[in-house]
Each structure stands twice: as structure tokens, then as C-alpha cells.
Amino acid sequence: VQLQASGGGLVQAGGSLRLSCAASGLTFTTYSVGWFRQAPGKDREFVATINWSGRNAVYTDSVTGRFTISRDALKNTVYLQMDRLKPEDTAVYLCAAHISSAGSLPRTPPSYDYWGQGTEVTVSS
């Protein structure tokens, strides 16, 4: 199983980025995908998660209305569209897969079974 996160970069406050998380090795398994972020010296923080069908998603309060998580089942890829970025969004963003036939949407890192390597997002003021 591999999760490959990409799309990070340097952007000015108010700008946008789209992160991608490509999954391989999970084709015949139902799973939710979550995005987390970790800033230097801080704990890993939940950002958003989406279920297998893509119909249900949850977000942390600080990104609600600015970030949108979506899923392309044919490509086994989950996206995180980040708009109106703020300097406090600066972090390494990681995607993770939670194996679940029930479509659960956990918010805690230990609930996730597989992790990608992360992509760095820097928002300048």
C-alpha cells in the first residue's frame, strides 16, 4: 500500500493550492482518506476526511468554508482544494487511509492505517 501526496508549495496569503493523494494497493478495499497537517513543534492536526463513496466529508473548524476535500474513485486519488490560505495554514500536509467498510470518518491519527510521506505548504503573509 502506498499513498503519495503532492501539490504543496509556496503561496501568498489569500491564494490557493490543490493537494493530491494518490493511493495504490487499495483497489479492492473500502477506505476513507484523511488529510492531516503538522507544523514545526506542533502536534499532528486533523484537517479533513472523506469516505469511500465521496458523499460524506468532515472538516476541522479552522478550514471549513475554505478547504474542500473530494475524491476521484477511478483514479484512486483524493484532493484537498485549499482556498483563501492563511499563514497559519503553513505545515507539512499528510494524507492517510482508514480501512472501513462502514464509511467511518475518524479525526484522530491513530485511527488511520496507512500514511503518505507529506507535502509542504508555506503561506507567506
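Here, every reference points to the structure presented above.
Residues numbered from 1 in each chain as written. Predicted model: local features only at pLDDT ≥ 70, side-chain atom pairs only at ≥ 80, totals over all residues. Heavy atoms only, no water.

Asks: Go over unusual backbone geometry, please, and point to the residues and values.
Replies: A negative phi angle characterises most non-glycine residues, just as the trans form characterises most peptide bonds. Positive phi, normally seen in glycine, also occurs at Asn76, with a value near 50 degrees. Mapped onto the elements of the fold, Asn76 is located in the loop between β7 (67–72) and β8 (77–82). Residue Asn76 is classed as buried on the basis of its relative accessible area, which comes to 17%. Even without glycine at this site, Arg84 takes up a positive phi of about 50 degrees. (Helix = DSSP H or I, 4+ residues; strand = E, 2+ residues; numbered from the N terminus. Buried < 20%, exposed > 50% of the residue type's maximum accessible area, 1.4 Å probe, protein only.)

Asks: Describe the nonpolar core, with residues and values.
Replies: Trp35, Val47, Phe67, Leu80, Met82 and Tyr93 are the most contacted members of the largest nonpolar core, which totals 28 residues. Among the elements of the structure, β1 (2–6), β3 (17–24), β4 (31–38), β5 (45–50), β7, β8, β9 (91–99) and β11 (119–124) are those that each provide at least two residues to this core. In this structure Tyr93 touches Ala5, Leu19, Trp35, Phe36, Arg37, Val47, Phe67, Leu80, Met82, Gly118, Thr119 and Val121, once residues within four positions along its chain are discounted. (Core = buried A, V, L, I, M, F, W, Y, C linked by side-chain atoms within 4.5 Å. Contact = heavy atoms within 4.5 Å.)

Asks: Tell me what's going on with the state of the cysteines, and back it up with residues and numbers.
Replies: Counted according to the given criterion, the structure contains one disulfide. Through a disulfide, Cys21 is tied to Cys95; the S-S separation comes to 2.1 Å. Disulfide Cys21-Cys95: torsion about the S-S bond near 75 degrees, hence right-handed. Of the two residues, Cys21 sits in strand β3 while Cys95 sits in strand β9, which places them 74 residues apart along the sequence. For Cys21, a relative accessible area of 1% gives the class buried. (Disulfide = S-S within 2.5 Å.)

Asks: For the pairing of β11, give the residues involved together with the corresponding values.
Replies: Of the two faces of β11, the one lined by Thr119, Val121 and Val123 is fully buried and the one lined by Glu120, Thr122 and Ser124 carries no buried residue. The pairing of strand β2 (residues 9–12) with β11 spans four bridges and is classified as parallel. Each bridged residue has a counterpart across the sheet, and for Leu10 the counterpart in β11 is Thr122. (Pairing = 2+ DSSP bridges.)

Asks: Which residues make up the sheet that holds β1, and what are the values?
Replies: On the basis of which strands lie adjacent, the open sheet formed by four strands has the order β1-β3-β8-β7 and antiparallel pairing. Of all the strands in the sheet, just β1 and β7 have a single pairing partner and so form its edges. Between one strand and the next, the sheet's axes are offset by a mean angle of 15 degrees, whatever the strand orientation. Where β3 and β8 come together, six bridges link them in antiparallel fashion. The partner of Leu17 across the bridge, within β8, is Met82. (Axes fitted to C-alpha atoms, helices over the stretch in contact; angles between N-to-C directions.)

Asks: For the packing of aromatic side chains, give the residues involved together with the corresponding values.
Replies: As enumerated under the stated definition, the model contains five aromatic pairs in all. One aromatic cluster is present, built from ring pairs that chain together Phe36, Phe46, Tyr112 and Trp115. A cation over an aromatic ring shows up here: Arg44 above the ring of Trp115, its NZ or CZ 4.7 Å from the ring centre. Between the NZ or CZ atom of Arg71 and the centre of the ring of Tyr31, over which it lies, the distance is 4.5 Å. (Phe/Tyr/Trp six-rings, centres within 6.5 Å; stacked < 30°, edge-to-face > 60°. Lys NZ or Arg CZ within 6 Å of the ring centre and 35° of its normal.)

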